[in-house]
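A structural walkthrough
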Amino acid sequence: MDKSILLKYSGVVISSAILLYCLKRYFISENDSNRLSKINESQIKIENIIIYPIKACKGIELKKCKLTEYGFENDRRWMIIYNNRYCAQKAFPILSTIETSYSDDSEYLIISKKGVEKQLKISTKPLVLEELDEKRIHGEVAMFDNQSQCYDEGDEAAQWLDDAIGNAENGGNGNKGFRLVQMCPEGIWKRKIRTHMSENLKLLNENGGNENQNNNNNNNNNNNNNNNNNNNNNNNNNNNNNNNNNNNNNNNDTITSPIYKNNLSNSCQIMILSKESIHETNIRIDKNRKEKGEKLQPHLGWDRYRPNILISGVKTFEEDDWKLIGISSNKNNNNNNNNIELTIAEANARCPVVVVDQVNGIMDPYKDDEPLRTLKTFRKVTCKIGEKVLLGTYAVVEKQFIDKVISVGDSINVLKTGFTSNYYTEIGKTQQSS
């Protein structure tokens, strides 16, 4: 065959292949855009904002809250320790009955408990590194999977905790020696989010992640959220100010992340959960109890799952699929919260804390392991450390959104979908042995 003819046909084949590829990418993009548009047709709203100033204790519902490099301001800033280890509800379910609130001027955290006459007041003023008393620094407090660096709040706070937690007359277990501590300031603080969550975010950043971006402007309540999509991943490396050598645990999953800072939360910065997912779980719990011939019990509220942001207006478990969400205000205010974006880091694997009655501080009040028992029937996954159940999703704050404010009533616009975990299997599938 003549070489010129061969070259001509080769050019046609190559051009056709390029055209087919471009058409495929176009229609995939169009389908993704249409799917995201349908998601955002029904407005998704923030119903509640909750922070938990003291880890494992009762939360505070806020009308609005500022974002920081650790998540919400003052969320899990303080913690109760015993024998230099953090106290969790699994071991101390009574912690759920310790309440917190702010003073009218917000300069103090007020700590109280039913049955304890005296309230405890703790200053909310940020710690200054140069003013710290070295004797009060706890440099290696044992956490769930690593260590934290904390500052002791003093003997008065410790005595109050002994009365509230250790005093049997107040429902305590008789133990003494509890201490209240708070996060040390930068220069000492080293904790990051869990490594497998950081790895998910790293892959998202490497892939760019803009192919599924929703540029549809038909949603009038949310159209201000799409202006800064290309900037959300440019500054991640600026958060890498501290090394990750503070973790002595050899489990690869528990080495601290060099990218995103964390508060005293076990895993990540901000947890998001929908009312629809809670409702569906309650319906399935009822069904499970009926099938087992058990008495129906009151439905579980959001407090069992301890979210930071409770949302409404979504399909059941829709939040599983989110990669990036935008948040905008429907009010004319000066909160400077237009174009806030939260990046999804991972689904939330549930621990036994969800079986604690948060009102009365009782572990598994009906002795049926709910809601874990039911979640295992339809939300089970596997990972390196075994079987888990997922409910809710974790998000992180990128540097450019620090100091912006999120409010109750704000709208959520789903900017990217198709989240895939590199740690957990898909729900209902088991992990292959290597």
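Criteria and cut-off values
Residues numbered from 1 in each chain as written. Predicted model: local features only at pLDDT ≥ 70, side-chain atom pairs only at ≥ 80, totals over all residues. Heavy atoms only, no water. Helix = DSSP H or I, 4+ residues; strand = E, 2+ residues; numbered from the N terminus. Buried < 20%, exposed > 50% of the residue type's maximum accessible area, 1.4 Å probe, protein only. Contact = heavy atoms within 4.5 Å. Salt bridge = Lys/Arg side-chain N within 4 Å of Asp/Glu carboxyl O. Phe/Tyr/Trp six-rings, centres within 6.5 Å; stacked < 30°, edge-to-face > 60°. Lys NZ or Arg CZ within 6 Å of the ring centre and 35° of its normal. pLDDT = per-residue confidence, 0-100. Pairing = 2+ DSSP bridges. Expected span 1.5 Å × (residues − 1).

Within the secondary structure, Ser267 is located in the loop between strand E14 (256–261) and strand E15 (270–274). The class of Ser267 is buried, set by a relative accessible area of 9%. Once residues lying within four places of it in the same chain are set aside, the contact partners of Ser267 are Ile193, Arg194, Met197, Asn262 and Tyr394.

If you walk through the whole model with that rule in mind, you get 15 salt bridges. Between Lys118 and Glu156 there is a salt bridge; the shortest N-O distance is 3.2 Å. With Lys118 in strand E9 (residues 116–123) and Glu156 in helix H2 (residues 155–166), this residue pair connects regions lying 38 residues apart in the sequence. On the accessibility criterion, Lys118 (47% relative accessible area) is partly exposed. Note that Glu280 is salt-bridged to Arg284, the shortest N-O span being 2.8 Å. Taken as a pair, Glu280 and Arg284 lie in helix H4 (residues 275–291) at a separation of four residues, close to a single helical turn. According to the relative accessible area criterion, Arg284 is partly exposed, its value standing at 35%. Residues joined by salt bridges that share partners form a network here, namely Glu69, Glu186 and Lys261.

This part covers the packing of aromatic side chains. What the rule picks out here adds up to five aromatic pairs. The interplanar angle of 70° and the centroid separation of 6.3 Å between the aromatic rings of Tyr82 and Phe92 together place this pair among those described as edge-to-face. In this pair, Tyr82 sits in strand E5 (residues 78–82) while Phe92 sits in the loop between strand E6 (85–86) and strand E7 (98–102), placing the two residues ten residues apart along the sequence. Its relative accessible area of 10% is what places Phe92 among the buried residues. Taken together, a centroid distance of 4.8 Å and an interplanar angle of 35° make the contact between Tyr82 and Phe178 tilted. Taken together, the residues Tyr82 in strand E5 and Phe178 in strand E12 (residues 178–183) connect sequence positions 96 residues apart. Phe178 sits in the buried class, given a relative accessible area of 0%. Following the ring pairs from residue to residue traces out a cluster consisting of Tyr82, Phe92 and Phe178. Of note, Arg379 hangs over the ring of Phe317, and the distance from its end group to the ring centre comes to 4.3 Å.

As a further point, take the confidence of the model for the protein chain. On average, residues of the protein chain score 83 in pLDDT, and 74% of them reach the 70 mark or higher. Here residues 209–258 is modelled with pLDDT under 50, and outside its nearest four sequence neighbours on either side it reaches 125 contacts, counting other chains as well.

Below, the discussion takes up the sheet that holds strand E3 (residues 64–68). Spatially, three strands are ordered E4-E3-E23 in an open sheet, and the strand pairing comes out antiparallel. This sheet does not close on itself; its edge strands, each paired only once, are strand E4 (71–72) and strand E23 (405–407).

Over its 17 residues, H4 runs 25 Å from end to end, which matches the ideal 24 Å to within 8%, given 1.5 Å per residue. When we look at burial in H4, the residues that qualify are Ser277, Ile278, Thr281, Asn282, Ile285, Asp286, Asn288 and Arg289. As for H4, its buried residues are in contact with E15, strand E16 (309–312), helix H5 (372–378) and strand E22 (386–397). Two residues or fewer after H4 comes Gly293, characterised by a positive phi angle close to 70°.

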